Amino acid sequence: MSVAYTVSDTFVLARRNLKRIPRQPDLLIAYTIQPVMFVLLFIYVFGGAIVTPGFDYVDFLIPGIIVQSIAFGGFVTALGLSEDVQKGLIDRFRSLPMSRAAVLTGRTLSDVVLNCLSLTVLLVVGIICGFNFQDTTAAEVVLGIVLLLLFGYAFSWVFALVGLFASSPETANAIGFTAIFPLTFASSAFVPAESMPDGLQQFANANPFTTVVDAVRSLWLGTPANSDVWMAFVWVAVLLVVFVPLSIRRYRQVAAK
């Protein structure tokens, strides 16, 4: 019965988090306008100077942009949790007959819905700009989408931990941006890792963002992956195994204060 209550409370809180979007439409900027600006900037400003042998830069770019946007989608969880803690909402949740786990699972579940929106917007814009699935099957395209959503879900838990440790939403934004932004650019998301200098190239090849981006390219474009595609799913599992318990432990500490 407790599992049923947890699931029910998770959906209630996820719906609560999504209902605030119409009242705060600026939150959608991170899922719509900002990623589209990145796409247009890289394709039409930087694209002509970046060499991607074998296929057009737009085909190289779209999987990388989507991975970056999906990972950054967790910022809403970090900002929301930090705001809830600051306003004392966590204390109100404690006084209600509800599952404690639902506060975090509801937050991260709502991120999945918003990431679906971001994924749809970027794919539509990418196709308009010339992106095409190549040497692939419908099953591989779907598997790539599943990988992206799982990766975004894992990073929602990373940002949940950031939000619970931050003293304010502004701090959560600064910490998350400082930690994640360099990882996305020091990867194969926007340029081939082979074009980077020694040292940075080795870092990029070991970067989980490179593993996931190359796995999506392999599934959608038929290109060789940096490692086996299943390694991208391993990275997702590692992130979840590490950050879910840490986030839950930190939430209990915050709720107990």
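Residues numbered from 1 in each chain as written. Predicted model: local features only at pLDDT ≥ 70, side-chain atom pairs only at ≥ 80, totals over all residues. Heavy atoms only, no water.

1. Thoughts on the overall build of the protein chain
Our working definition: Helical segments are the DSSP runs of H or I of at least four residues, strand segments are the runs of E of at least two, and each set is numbered from the N terminus. We compute the radius of gyration over the C-alpha atoms and compare it with the globule rule, which gives 2.2 Å times the number of residues raised to the power 0.38. Three labels apply to residues, based on accessible area from a 1.4 Å probe with only protein chains included: buried if under 20% of the type maximum, exposed if over 50%, partly exposed otherwise in between. Only heavy atoms matter for contacts: two residues are in contact if any of them lie within 4.5 Å across the pair. Only four residue types enter the charge count: Lys and Arg as positive, Asp and Glu as negative, with His and the chain ends excluded. Charge positions come from single atoms, namely NZ of Lys, CZ of Arg, CG of Asp or CD of Glu.
A count of helical and extended segments in the protein chain gives 11 helices and zero strands. By the compact-globule yardstick of 18 Å for 257 residues, the protein chain fits well, its C-alpha radius of gyration being 19 Å. Expressed along its principal axes, the backbone C-alpha trace of the protein chain runs to roughly 60 × 35 × 35 Å. Taken over 257 residues, the protein chain has a buried fraction of 49%. Long-range contacts, defined here as pairs at least 24 residues apart, represent 80% of the contacts in the protein chain between residues at least 6 apart. In the protein chain, the 15 positive side-chain charges and the 15 negative ones have mean positions that sit 21 Å from each other.

2. Regarding the pattern of salt bridges
For the record, the criterion: Definition used for salt bridges: Asp or Glu carboxyl oxygen within 4 Å of a side-chain nitrogen of Lys or Arg.
Here the structure, examined in full by the defined rule, presents one salt bridge. Note that Asp 214 and Arg 217 form a salt bridge whose closest N and O atoms lie 3.2 Å from each other. One end of the pair, Asp 214, and the other, Arg 217, are both in helix α10 (residues 208–221), three residues apart, so they sit about a helical turn from each other. In this structure Asp 214 comes out as buried when scored by relative accessible area, which is 13%. For Arg 217, a relative accessible area of 3% gives the class buried.

3. Concerning a nonpolar patch on the surface
Our working definition: Patch membership requires over 30% relative accessible area and the absence of a salt bridge. Like charges are linked within 9 Å, and nonpolar side chains (Val, Leu, Ile, Met, Phe, Trp, Tyr) within 5 Å. Exposure was quantified through the Shrake-Rupley algorithm and a 1.4 Å probe, taking into account, for residues, occlusion by the shown protein chains and nothing else.
A surface patch of nonpolar side chains, about 510 Å² in accessible area, is lined by Trp 230, Val 234, Val 238, Val 241, Val 242 and Leu 246. Structurally, the position occupied by Val 238 is in helix α11 (residues 229–256).

4. Notes on empty space enclosed by the protein
A water-sized probe, rolled over the atoms, reveals where empty space remains. We count it as follows: Detection works on a 1 Å grid of protein atoms alone, calling trapped sets that fit a 1.4 Å probe cavities and calling open sets with protein on both sides within 12 Å along at least five of seven lines pockets, with lining residues defined by an atom within 4 Å of a point. Grid points are joined across faces, edges and corners, and a volume is the space filled by probe spheres set on the points. Any residue outside Ala, Val, Leu, Ile, Met, Phe, Trp, Tyr, Cys, Pro, Asp, Glu, Lys and Arg is labelled polar, Gly included; the first ten of those are nonpolar and the last four are charged.
Here the structure, examined in full by the defined rule, presents one cavity of 30 Å³ or more. Looking at the largest cavity, its volume works out to about 40 Å³. Together, 10 residues line the largest cavity, and Asn 17, Val 76, Arg 107, Ser 110 and Leu 114 are the ones closest to its centre. Elements supplying a minimum of two residues to the lining of the largest cavity: α1 (2–23) and α6 (102–128). By residue class, the composition of the lining of the largest cavity is five nonpolar, two polar and three charged.

5. So, the UniProt feature "transmembrane region" (unreviewed entry) in the protein chain
Condition: UniProt positions are given in the numbering used here, feature names are shortened, and annotations may be inferred rather than shown by experiment.
In the UniProt entry, the feature "transmembrane region" (unreviewed entry) is given for residues 28–51, 57–82, 112–133, 145–167, 174–193 and 229–248. Structurally, residues 57–82 is divided into 92% helix and 0% strand, and its ends, taken at the C-alpha atoms, are 38 Å apart. Regarding residues 229–248, the helix share stands at 100% and the strand share at 0%, and the terminal C-alpha atoms are separated by 29 Å.

6. A short note on the packing of helix α4 (residues 75–87) against helix α7 (residues 138–165)
Applicable threshold: Inter-axis angles, ranging from 0 to 180 degrees, are taken between N-to-C directions of lines fitted to C-alpha atoms, where helices are fitted over the stretch in contact. Should an angle lie under 35 degrees it is considered roughly parallel, over 145 roughly antiparallel, and from 65 to 115 roughly perpendicular; all remaining angles are considered oblique. The sense of a crossing depends on the near helix, which, turned anticlockwise from the far helix by less than a right angle, makes the crossing left-handed and, turned clockwise, makes it right-handed.
Packing of α4 against α7 leaves a shortest axis separation of 7 Å and a crossing angle of 30°. Put simply, α4 runs roughly parallel to α7. Along this stretch, α4 crosses α7, giving a crossing that reads as right-handed. Of the residues in α7, those touching α4 at Phe 75, Thr 77, Ala 78, Leu 81, Ser 82 and Val 85 are Ser 156, Phe 159, Ala 160, Gly 163 and Leu 164. When its residues are assigned to classes, the contact of α4 with α7 shows seven nonpolar, four polar and no charged.

7. Digging into the packing of aromatic side chains
The cut-off we apply is this: Between 30 and 60 degrees the pair is tilted, below 30 it is stacked and above 60 it is edge-to-face, where a pair is any two Phe, Tyr or Trp rings, Trp via its six-membered ring, whose centres lie within 6.5 Å. Any Lys NZ or Arg CZ that is within 6 Å of a ring centre and within 35 degrees of that ring's normal is treated as a charge sitting over the ring.
Throughout the structure, instances matching the rule amount to 17 aromatic pairs. Considering the side-chain rings of Phe 155 and Phe 209, the 5.3 Å spacing of their centres and the 50° angle between planes classify their relative orientation as tilted. Of this pair, Phe 155 sits in helix α7 while Phe 209 sits in helix α10; the two residues are 54 residues apart in sequence, bridging distant segments of the chain. Among the aromatic residues, those joined into a ring-pair cluster are Phe 38, Phe 42, Phe 72, Phe 177, Phe 181, Phe 185 and Phe 190. The cationic tip of Arg 217 hangs over the ring face of Phe 60; the distance from NZ or CZ to the ring centre is 3.6 Å. It is Arg 250 that lies over the ring of Phe 165; its NZ or CZ is 4.3 Å from the centre.

8. Here's the deal with the nonpolar core
Note the threshold: Only buried residues count toward a nonpolar core. Its members are Ala, Val, Leu, Ile, Met, Phe, Trp, Tyr and Cys residues joined through side-chain atoms within 4.5 Å.
With 51 residues, the main nonpolar core has Ile 66, Val 67, Phe 151, Phe 155 and Trp 220 as its most contacted residues. Mapped onto this core, the elements with two or more residues apiece are α2 (33–46), α3 (57–72), α4, α6, α7, α8 (169–185), α10 and α11. Looking at which element gives the most residues to this core, the answer is α3, with 11 residues. The next biggest cluster of nonpolar side chains, apart from the first, holds 14 residues, and it includes Leu 81, Leu 104, Trp 157 and Ala 255.

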